Amino acid sequence: MRDDVLYAIVLVLSLSAGLALPVLRPRTRRAASAALGILLLLGTCGPTGALYPLGCVLSAYGVLVLAPRGTRGRLCFCCAFGGLGLLRLLGSPSGPANAVQLVLTLRLASLGFDVDDDTLRAAHPEGNLHGDEETPPLLLLLEYSFCYHGLFTGPFYRYAQWANAMSSGAQASLAPERIVRLATGRALAVALLTLAVWCAAATGLPYRPMSIGEDWWLEWPIHRRLAYFYASSFQQRYRFYVCWSVVEAAGHLARFSSPANVRPLQCETACSPSALIAGWNVSVHYFLRDYVYRRLPIRGRSARQFITFGVSAFWHGLRPGYYLFFSGLFGMVCVEQLVRAAMGRLGSCIYFHPAVEFRSDSDSDVLDSRGSTRNDSRLLSDLHNAAAGGQAAEGKMRNGSSFSFVEEQRASQVDRLIRLGRLLGSPIVRRSGQVVSHLWTMGCLTYFGAAFNVLGFAQTQVLWRSLHFYGLWLLAVPAAFAAAVLIVVPNVSTSRTLRGKGSTSLSPIPKAHND
């Protein structure tokens, strides 16, 4: 309860500072932002709690100054995350102290890579760095590290983003005051709405009785337990929506670019784990993508994803619940990719059946990477009409491309595949698939999110056992289906090409993520 009060004070002061700071000159603005951050750190953690973050900043500065070029990114990363791990080994820091160290770790870990990539010169608050100078001065590093905005709650922002918000150059391109007020009002409205949901769920559907397995909870039938569990889990997400929405409003007032750290509507309507991850804790998602996932010297996507989720778990803490949660999240992403590959394989059988050969007469109208033309419905209609009617073995489609039935296979065989493709592409089937995908995504999230909420291994096992481990079944069933499809259905498109001007090799299986 005490931590909630402290966070509320921090949020109120952040909003107040956002109103006052934009009128200050750049140098004064940087100093005032850092001074407010240090005062909040001293007020919430005490002088002793403020010394450790200061030591981490000085250590990172030493690495930036002394380490040779090309090694500062990795060394800064290890220094920042090593300091975070050491703090936890020395003891359990308080909520605010731990939050500050989390944000500070991201700021310092990113700085070394940005220096190596030479992205700080143009962003330097005083103009370009001079001569061979690559590292920002210690004073600027301290001002960036302890800037009040997001210091306790996120979002994480890079040095260049901070410098742009604090510099005089950013003042000339500020959004009109009316747009700032609208964005701030919208963020505060979201905060009030999510606050109401959070309070209602926390009051009427307490979460703790489930984690300790109280008798009344265990006596309920399984369907009632599942409904209660799903509804009660809203409070765990919405408390973050409240906090991050208020911080977003403060960021708009302080003229930070893209201060949003969460997209509540995208998270609550997500139809895949990828969409959910992209909308939740957005700045940390970008950090893990840009500074961990893309920089790992490993070629395998699954291995890089596994390591990235492991880094995220370590960053959050050492409690078993974090690792159980991110292991489950990794499993969700793997199942999503497996199902996408299976659906792509099924699509390849429809669009690339060996009985059909496509020819394009123009460079602008070829099959794309999913095996469809610019208008799937017309392609299916043309093929269906020719195949179902037993017409000539060759024909012309309305988009100018031509097709033929080859290898002496009967048109009725193609017609059945075309009918299946049209059925799977119908609006009703697609909407139904989206609903099922959404329920699967949120069902898995609430199940594995229980580990994140209760943190203890024993408490997590008690809660999962009372729910009959349904989350594991949600992973196993679609994974088994997708694996069966990939094993049984041949990949008929790997050697198919378009003949004519627009000749191209085709691969119908879409990527689940962008690297």
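Refer to the preceding data block for the structure.
Residues numbered from 1 in each chain as written. Predicted model: local features only at pLDDT ≥ 70, side-chain atom pairs only at ≥ 80, totals over all residues. Heavy atoms only, no water.

## Details of the overall build of the chain
Then, in step 1: Within the chain one finds 22 helices and four strands.
Then, in step 2: Each of the 515 residues in the chain was classed as buried or not, and the buried ones make up 50%.
Then, in step 3: In the chain, the share of contacts with a sequence separation of at least 24, taken over all contacts with a separation of at least 6, comes to 73%.
Then, in step 4: Just so you have it, the chain exposes about 24,400 Å², and 63% of that area is on carbon and sulfur atoms. (Helix = DSSP H or I, 4+ residues; strand = E, 2+ residues; numbered from the N terminus. Buried < 20%, exposed > 50% of the residue type's maximum accessible area, 1.4 Å probe, protein only. Contact = heavy atoms within 4.5 Å. Areas by Shrake-Rupley, 256 points an atom, 1.4 Å probe, with all protein chains shown as cover.)

## Quick word on helix 11 (residues 222–232)
Along an α-helix, residues three or four positions apart point the same way, because every turn accommodates 3.6 residues.
Then, in step 1: Those residues of helix 11 not exposed but buried are R225, Y228, F229 and S232. One side of helix 11 holds all its buried residues, which, seen down the axis, span an arc of 100 degrees.
Then, in step 2: Of the surrounding elements, those touching the buried residues of helix 11 are helix 9 (208–212), helix 10 (215–219), helix 12 (234–253), helix 20 (427–454), helix 21 (457–466) and helix 22 (470–488). (Arc of directions from axis to C-beta.)

## Some points on unusual backbone geometry
Note: most peptide bonds trans; most residues except glycine with negative phi.
Then, in step 1: Look at the link from G154 to P155: it is a cis peptide, with omega at 10 degrees.
Then, in step 2: Counting through the fold element by element, P155 comes out in the loop between helix 5 (138–145) and helix 6 (159–166).
Then, in step 3: Unlike most non-glycine residues, H468 shows phi in positive territory, near 60 degrees.
Then, in step 4: Structurally, H468 is set in the loop between helix 21 and helix 22.
Then, in step 5: If you check the backbone angles, F469 has positive phi at about 50 degrees while not being a glycine.

## Notes on the packing of aromatic side chains
The relative placement of two aromatic rings is captured by the distance of their centres and the angle of their planes.
Then, in step 1: One pass over the full model with this rule turns up 36 aromatic pairs.
Then, in step 2: Relative to F287, the ring of F156 lies with its centre 5.4 Å away and its plane at 80 degrees, an arrangement referred to as edge-to-face. Linking F156 in the loop between helix 5 and helix 6 with F287 in helix 15 (residues 282–292), this pair joins segments that are 131 residues apart in sequence. F287 shares its class with F156; the two are buried.
Then, in step 3: Seen from their ring centres, Y447 and Y470 are 5.0 Å apart, and the 70 degrees between their planes marks the pair as edge-to-face. Highlighted residues: Y447 in helix 20 and Y470 in helix 22, separated in sequence by 23 residues. As far as burial versus exposure is concerned, Y447 and Y470 are alike and both buried.
Then, in step 4: Connected via pairs of aromatic rings, a cluster forms that spans F77, F81, F113, F156, F287, Y291 and F314.
Then, in step 5: Here the basic side chain of R224 rests over the ring of W220, its NZ or CZ set 4.0 Å away from the ring centre.
Then, in step 6: The side chain of R304 reaches across the aromatic face of Y293, ending 4.5 Å from its centre. (Phe/Tyr/Trp six-rings, centres within 6.5 Å; stacked < 30°, edge-to-face > 60°. Lys NZ or Arg CZ within 6 Å of the ring centre and 35° of its normal.)

## Examining the nonpolar core
Then, in step 1: With 53 residues, the main nonpolar core has F77, L108, Y159, W162 and F287 as its most contacted residues.
Then, in step 2: Of all the secondary-structure elements, those providing two or more residues to this core are helix 1 (2–20), helix 2 (26–66), helix 3 (72–90), helix 4 (95–116), helix 5, helix 6, helix 15 and helix 16 (301–316).
Then, in step 3: Ranked by the residues each element gives to this core, the list is headed by helix 4, at 10 residues. (Core = buried A, V, L, I, M, F, W, Y, C linked by side-chain atoms within 4.5 Å.)

## As for the state of the cysteines
Then, in step 1: Enumeration over the complete set of coordinates arrives at zero disulfides.
Then, in step 2: With no disulfide of its own, C79 lies 6.4 Å from the sulfur of C76, the closest cysteine sulfur.
Then, in step 3: On the accessibility criterion, C79 (26% relative accessible area) is partly exposed. (Disulfide = S-S within 2.5 Å.)

## Digging into the environment of H252
Then, in step 1: Along the chain, the position of H252 falls in helix 12.
Then, in step 2: Note: C-alpha distance between H252 and V180 (72 residues apart in sequence) is 6.1 Å.
Then, in step 3: Discounting residues that sit within four places of it in the chain, H252 has contacts with V180, A183, T184 and P259.

## Looking at the pattern of salt bridges
Then, in step 1: Applying the stated rule across the entire model yields nine salt bridges.
Then, in step 2: R30 serves as the salt-bridge partner of E143, at 3.2 Å between the closest nitrogen and oxygen. Linking E143 in helix 5 with R30 in helix 2, this pair joins segments that are 113 residues apart in sequence. Each member of the pair, E143 together with R30, is buried.
Then, in step 3: In this structure, E268 and R237 form a salt bridge, with 2.8 Å as the shortest nitrogen-oxygen distance. Here E268 is found in helix 13 (residues 264–268), whereas its partner R237 is found in helix 12, with 31 residues between them in sequence. (Salt bridge = Lys/Arg side-chain N within 4 Å of Asp/Glu carboxyl O.)

## Focus on the packing of helix 15 against helix 16
Then, in step 1: Closest axis-to-axis distance for the helix 15/helix 16 pair is 11 Å, and the angle between their directions is 130 degrees. In terms of their interaxial angle, helix 15 and helix 16 are classed as oblique. In the packing of helix 15 onto helix 16, the handedness of the crossing is right-handed. For the pair helix 15 and helix 16, the contacting residues are V284, L288 and V292 in the first and T308, V311, S312 and W315 in the second. (Axes fitted to C-alpha atoms, helices over the stretch in contact; angles between N-to-C directions. Parallel < 35°, antiparallel > 145°, perpendicular 65-115°, else oblique. Left-handed = near helix turned anticlockwise from the far one by under 90°.)

## Re helix 1
Then, in step 1: The terminal C-alpha atoms of helix 1, which comprises 19 residues, lie 27 Å apart, in line with the 27 Å expected from a rise of 1.5 Å per residue.
Then, in step 2: Of all the residues in helix 1, the buried ones are L6, V10, L11, S14, A17 and G18. The arc that holds every buried residue of helix 1, seen down its axis, measures 140 degrees, which confines them to one face. Among the exposed residues of helix 1, those oriented more than 90 degrees off its buried face are R2, V12 and L19.
Then, in step 3: Tucked into the core, helix 1 has its buried residues touching helix 2, helix 4 and helix 12. (Expected span 1.5 Å × (residues − 1).)

## Observations concerning the side chain of R107
Then, in step 1: Turning to its location among the elements, R107 is positioned in helix 4.
Then, in step 2: Although R107 is buried, it forms no salt bridge, and the closest oppositely charged side chain is D114 at an N-O distance of 11 Å.
Then, in step 3: Polar contacts involving the side chain of R107 include one to the main-chain carbonyl oxygen of S145, which spans 2.8 Å.
Then, in step 4: Not counting residues up to four positions away in its chain, the partners in contact with R107 are Y144, S145, F146, C147, H149, G150, L151, F156 and Y157. (Lys, Arg positive; Asp, Glu negative; His and termini not counted. Polar contact = N/O pair within 3.5 Å; in protein donor to acceptor, adjacent residues only side chain to side chain.)

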